[in-house]
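Here's the letter readout for the chains.
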Amino acid sequence: GSTIATSGGNITLGNVTALQEFTDSSFADITGSSVSYVPPSGTTQVIYTFQFRASSDNTNNDGIMSCNFLIDGTEATDARIVERFGNAYYDKVVTFTWGINIGGSATAATGRLASWTSAKTLKMQGNEHGSGNQSQVHIVQNYGGNAVSGRPFVVKPCLGITAIGVPS
């Protein structure tokens, strides 16, 4: 829910207040992962980093989550990841980092862009492997002991953008 001032204009990040459960029928935007960004003139690479908590949400099976990374609606297929959570309610921190090179020939698979002079939306999408491999994000299942009240609880993700190659 923060707004950050940059040389290319303000960036507003989503405010994650609840867990997000996935289905196996389609990919869904991961809440908190989307940012509209234009890098400073002269940038040769933008590094996108998204860190979030992910877990299984089924007491009988292992969670398996697939994730895509999209640049203005085009998937960078080389950036696909799969996370497996082990036993029921196991959770972990997932850190996704991807460099978007700017200049040369555009390559959809890697996300390389020939140029980048206007805002582009960067985001991640996720789904679960199957109905027996249920997955969810933004929640901690196992914190403290069984007597801890208020568990499970929502954990807000972290999103970072770094522009490289800007002349000083």
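These notes cover the structure that comes with them. Small disclaimer: the values here were computed from a predicted structure and weren't measured. Just so you know, the residues in each chain are numbered from 1, in the order the chain's sequence is written. Owing to the predicted nature of the model, reporting of local features is limited to residues with pLDDT of at least 70; listing and counting of side-chain atom pairs is limited to 80 or more, with chain, interface and lining totals taken over all residues. Hydrogens and water are ignored here; the side-chain numbers use all heavy atoms of the structure.

1. Concerning the overall build of the protein
Secondary structure elements follow DSSP: runs of H or I of four or more residues count as helices, runs of E of two or more count as strands, with numbering from the N terminus. Each helix and strand counted, the protein has 0 helices and 15 strands in total. Residue contacts follow a heavy-atom distance rule, with two residues in contact if any of their heavy atoms lie within 4.5 Å. Considering only intrachain contacts with a sequence separation of at least 6, the fraction spanning at least 24 residues in the protein is 72%. For the accessible areas, the method is Shrake-Rupley and the probe is 1.4 Å, while residue cover comes only from the protein chains on display. If you sum the accessible surface of the protein, you get close to 8400 Å²; carbon and sulfur atoms cover 47% of it.

2. Quick look at unusual backbone geometry
Residues other than glycine seldom take positive phi values, yet Asp72 does so here, at roughly 50°. Along the chain, Asp72 turns up in the loop between β7 (64–71) and β8 (74–75). A relative accessible area of 42% places Asp72 in the partly exposed class. A positive phi is found at His138, a non-glycine position, where the angle reads about 70°. Structurally, His138 is set in the loop between β12 (135–137) and β13 (139–140). By relative accessible area, His138 is classed as buried at 0%. When a residue's accessible area, from a 1.4 Å probe over protein chains only, is under 20% of the maximum for its type it is buried; when over 50% it is exposed; and in between it is partly exposed.

3. Observations concerning the nonpolar core
Formed by 28 residues in total, the largest nonpolar core has its most connected members in Phe52, Phe69 and Met124. Elements with a minimum of two residues in this core: β5 (35–37), β6 (45–56), β7, β10 (91–101) and β11 (120–128). Among the elements that make up this core, the one with the highest residue count is β6 (5 residues). When neighbours within four sequence positions are excluded, Phe69 is seen to be in contact with Tyr48, Thr74, Glu75, Ala76, Ala79, Phe96, Trp98, Ile100, Leu122, Lys123 and Met124. To define a nonpolar core, start from buried Ala, Val, Leu, Ile, Met, Phe, Trp, Tyr and Cys residues and group those joined through side-chain atoms within 4.5 Å.

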